[in-house]
Amino acid sequence: MLEDRIDLAWVVDRITQGVVFVGGVSAILFVIAIFVFIAQQGLGFAIFELDKGVFFTSPAWRPTSEPEPQFGALALMAGTASVTGFAMLVSVPFSLGAAIYIGEFATGRTREFLKVLVELLAAIPSVVWGFIGLTIMNPLIIEVFDVPVGLTILNAGVILGLMAAPIMTTIAEDALKAVPEGYREAAEAMGATRWQVIRQVVLPSAKNGLVAAVLLGVGRGFGETMAVLMASGHAINLPTSPFDSVRALTATIAAELGETARGSEHYKVLFSLGILLFIVTFVINLLADVLVRGRKGKRA
Amino acid sequence: MAATTATEKLKVRDLTIRYGDTVALNGASFEVYENEIFGVIGPANSGKTSFLRAINRMDEMTSNMHVSGEVLFNGKDVSHWRNLYALRSRIGVVFPLPVGLPMSIYENVAFAPKLRGVRGAELDEIVERCLTRAALWDEVKDRLKSLGSLLSGGQQQRLTIARALSQEPELLLLDEFSIAVDPVTTMRIEDVLKELKEEMTIILVTNLVQQARRLADRTAFFLNGEVVEVGDTAELFTRNAQDQRTTDYVEGRFG
């Protein structure tokens, strides 16, 4: 019989448990703290003082105008929505195509190389993307489409699409990889071509994961700030074509928050924008999460 | 069956299969005749499954699997088929673990006929016929629209057999089909196979020696990548085997 004694292994075990516990809990605490902070700064204002009718329907965003500032966020919402929408138009086909190629066709070195490349793409800082939008896309759009300004929905949409592509490709490829190899073998053994197998067996069974991938891409687009700020033209505008400049919700907060007095109306309305963003991205991510879990749950 | 007068459905000549540097099957040569059940027995890692995969060129899905030698299907080397998919559609495969495709029971069985363009009432008829032949129709006829993967293991394996039959194959490959199936279902499937050999050639890979004895007309004994012996099942199982290792294996002294 071993003596009942507190030894080193026991102590290390206890300490490790403690550290891991703090790590796990702190992640949740931070999220809650951020939420509390934003709510504290802007929620009271958003609920009791802000004119929601104006906020959601007026395109007039004149937060510093005297004597009567106007807080209509419609143009900003339209800006974010149009840029994100355009980005998805660019990103979804490319990302899903890339995921299908990497997951189903590429083998060995090619596959590893492409995966590394896609992950590398995700590591490019957003300000670099914004820089590309400003210095490369801008003159290119002016030249090709013969328009006066190149900092537009088109520009920001393409940039944002490229930025969202890595996460969408990675998640979509994971979803394809989760489809049991037996499905492919069984279908191919019956004489189905590769494309028939992918279209009739692999894609349907990876459907939830693929939708989640697209949603995460949308969430990425919604939350992106710097690149959109630099590439979209930052002009308050209800867009009617891809060649219009717009301003995004995120970019508005980034550009204006530093110039407001803490506690002022302008300051608080920016936090209201933040709450709106928070809710939208939260819902999108939650939806994606539920879909991914649903997929895993079904298999278990 | 008198082996000398029967038609050769499959002829294997000097078939060697490698995975990288590992040899899974070494210089196998034998024939499989039309309308017989050809048993393949042998312990694990003796090359049985590799042999099946070489027949319908599933090796092309496995990155380091290399096949040399000849597999003549109806007299033509399978590697000479330009349309791989046409070749595979004539060969039904039943895998060790049942794989219900992630679609309804109906769609599972309709998958292969749809690939060749069958639609409508004819499709319904094929689905019913194949499920009936696989002894599953009565159990599933009221829930054809529910997911195939929700069936029990034994039912799923009969579903995969129905699916293989829906290809109207000339050759049916079964790879240890009873591994995840209860004894009662196994017996039912065995009865189905006895009927099916009137219409097609069946290669039955099994790790159950007695299953080969019950079903196979002729049997091959694979051991560590070598085909030790091929002969009438009755011969192999009655101490008339030419190789002592065969007798030892079928009598359960190893494996």
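Please read all numbers here as calculations on a predicted model, not as lab measurements.

## Observations regarding the overall build of chain B
Then comes step 1: What chain B contains, in helices and strands, is 10 helices and 10 strands.
Then comes step 2: A compact globule built from 255 residues would reach a C-alpha radius of gyration of about 18 Å, and chain B, at 18 Å, matches this within 12%.
Then comes step 3: In terms of its C-alpha atoms, chain B occupies a principal-axis envelope of roughly 55 × 40 × 35 Å.
Then comes step 4: Taking as baseline every contact in chain B between residues at least 6 positions apart, the subset at least 24 positions apart corresponds to 67%.
Then comes step 5: A total of about 10900 Å² of accessible surface is found on chain B, and carbon and sulfur atoms cover 47% of it.
Then comes step 6: Computed over 30 positive and 36 negative side-chain charges, the separation of the two mean positions in chain B equals 3 Å.

## What about the interface of chain A and chain B?
Then comes step 1: Chain A puts 18 residues into the contact, and the matching count from chain B is 20 residues.
Then comes step 2: The junction of chain A with chain B conceals about 1700 Å² of combined surface from both sides, 70% of it contributed by carbon and sulfur atoms.
Then comes step 3: Looking at the side of chain A facing chain B, the largest losses of area belong to Glu-185, Ala-189 and Met-190 of chain A, adding up to 39% of the total buried there.
Then comes step 4: The interface formed by chain A and chain B holds 2 salt bridges in total.
Then comes step 5: Note that Glu-188 of chain A is salt-bridged to Arg-88 of chain B, the shortest N-O span being 3.0 Å.
Then comes step 6: Where chain A touches chain B, the interface holds 2 residue pairs in polar contact (both at pLDDT 80 or more).

## Brief notes about the layout of surface pockets
A water-sized probe rolled over the atoms picks out the places where empty space is left.
Then comes step 1: Estimates place the volume of the largest pocket at around 520 Å³.
Then comes step 2: Forming the boundary of the largest pocket are 23 residues, of which Glu-104, Thr-107, Glu-181 and Arg-194 of chain A together with Met-61 of chain B lie nearest the centre.
Then comes step 3: The class makeup of the residues in the lining of the largest pocket is 9 nonpolar, 4 polar and 10 charged.

## Here's the deal with the pattern of salt bridges
Residue and element names in this part refer to chain B.
Then comes step 1: For the coordinates displayed, the defined rule picks out 34 salt bridges over all chains.
Then comes step 2: The partner of Arg-13 in a salt bridge is Glu-70, and the shortest N-O contact between them spans 2.7 Å. With a gap of 57 residues between them, Arg-13 in strand S1 (residues 8-19) and Glu-70 in strand S4 (residues 65-73) connect regions that are remote in the sequence.
Then comes step 3: Classification of Glu-70 as partly exposed rests on a relative accessible area of 26%.

## Some words on the confidence of the model for chain A
Then comes step 1: For chain A, mean pLDDT is 91; residues scoring 70 or higher make up 97% of the total.
Then comes step 2: Here helix H12 (residues 265-299) of chain A stands out as the element of chain A with the lowest mean pLDDT, 83, in contrast to helix H3 (residues 74-105) of chain A, whose mean of 95 is the highest.

## Some remarks on the packing of aromatic side chains
Then comes step 1: For the structure on display, the rule yields 14 aromatic pairs over all chains.
Then comes step 2: Geometrically, the ring pair formed by Phe-37 of chain A and Phe-271 of chain A is edge-to-face, given 5.7 Å between the ring centres and 80 degrees between the ring planes. You can see Phe-37 of chain A sitting in helix H1 (residues 8-49) and its partner Phe-271 of chain A sitting in helix H12, a full 234 residues away along the chain.
Then comes step 3: Phe-271 of chain A sits in the buried class, given a relative accessible area of 11%.
Then comes step 4: For the pair Phe-73 of chain B and Trp-81 of chain B, a centre-to-centre distance of 6.3 Å together with 40 degrees between the ring planes defines the contact as tilted.

## Examining empty space enclosed by the protein
Then comes step 1: In the structure shown here, the tally under the stated rule is 2 cavities of 30 Å³ or more.
Then comes step 2: By volume, the largest cavity amounts to about 50 Å³.
Then comes step 3: Residue lining of the largest cavity: Ala-186, Ala-189 and Met-190 of chain A together with Ile-91, Gly-92, Val-93, Phe-95, Thr-160, Arg-163, Ala-164 and Gln-167 of chain B, and that is the complete set.
Then comes step 4: Those elements that place two or more of their residues in the lining of the largest cavity are helix H7 (181-189) of chain A together with strand S6 (91-94) and helix H6 (153-166) of chain B.
Then comes step 5: Residues belonging to the lining of the largest cavity are distributed by class as follows: 7 nonpolar, 3 polar and 1 charged.

## Things to note about the domain arrangement of chain B
Residue and element names in this part refer to chain B.
Then comes step 1: Each domain of chain B was delimited in the assignment, giving domain 1 (1-89 + 200-255) and domain 2 (91-168).
Then comes step 2: Here domain 1 meets domain 2 over a buried area of about 510 Å², counting both sides, of which 64% is carbon and sulfur.
Then comes step 3: Of all residues in domain 1, the largest losses of buried area upon contact with domain 2 belong to Asn-56, Ser-89 and Met-200, amounting jointly to 51% of the total for that side.
Then comes step 4: Summed over the shared surface of domain 1 and domain 2, the number is 0 salt bridges.
Then comes step 5: Our enumeration of links across domain 1 and domain 2 arrives at 3 residue pairs in polar contact (both at pLDDT 80 or more).
Then comes step 6: For the side of domain 1 that touches domain 2, the leading source of residues is helix H2 (residues 84-89), giving 3 residues.
Then comes step 7: Class assignment of the residues belonging to the side of domain 1 that touches domain 2 gives a composition of 5 nonpolar, 2 polar and 1 charged.

Calculation rules
- Residues numbered from 1 in each chain as written.
- Chains lettered and ligands numbered in written order.
- Predicted model: local features only at pLDDT ≥ 70, side-chain atom pairs only at ≥ 80, totals over all residues.
- Heavy atoms only, no water.
- Helix = DSSP H or I, 4+ residues; strand = E, 2+ residues; numbered from the N terminus.
- Rg over C-alpha atoms; globule rule 2.2 N^0.38 Å.
- Contact = heavy atoms within 4.5 Å.
- Areas by Shrake-Rupley, 256 points an atom, 1.4 Å probe, with all protein chains shown as cover.
- Lys, Arg positive; Asp, Glu negative; His and termini not counted.
- Charge placed at Lys NZ, Arg CZ, Asp CG, Glu CD.
- Buried area = accessible area lost by both parts, 1.4 Å probe.
- Salt bridge = Lys/Arg side-chain N within 4 Å of Asp/Glu carboxyl O.
- Polar contact = N/O pair within 3.5 Å; in protein donor to acceptor, adjacent residues only side chain to side chain.
- 1 Å grid on protein atoms, 1.4 Å probe; cavity = no way out; pocket = protein on both sides within 12 Å on 5 of 7 lines; lining within 4 Å.
- Points joined across faces, edges and corners; volume = space filled by probe spheres on them.
- Nonpolar A, V, L, I, M, F, W, Y, C, P; charged D, E, K, R; others polar.
- Buried < 20%, exposed > 50% of the residue type's maximum accessible area, 1.4 Å probe, protein only.
- pLDDT = per-residue confidence, 0-100.
- Phe/Tyr/Trp six-rings, centres within 6.5 Å; stacked < 30°, edge-to-face > 60°.
- Domains from an automatic or database assignment.

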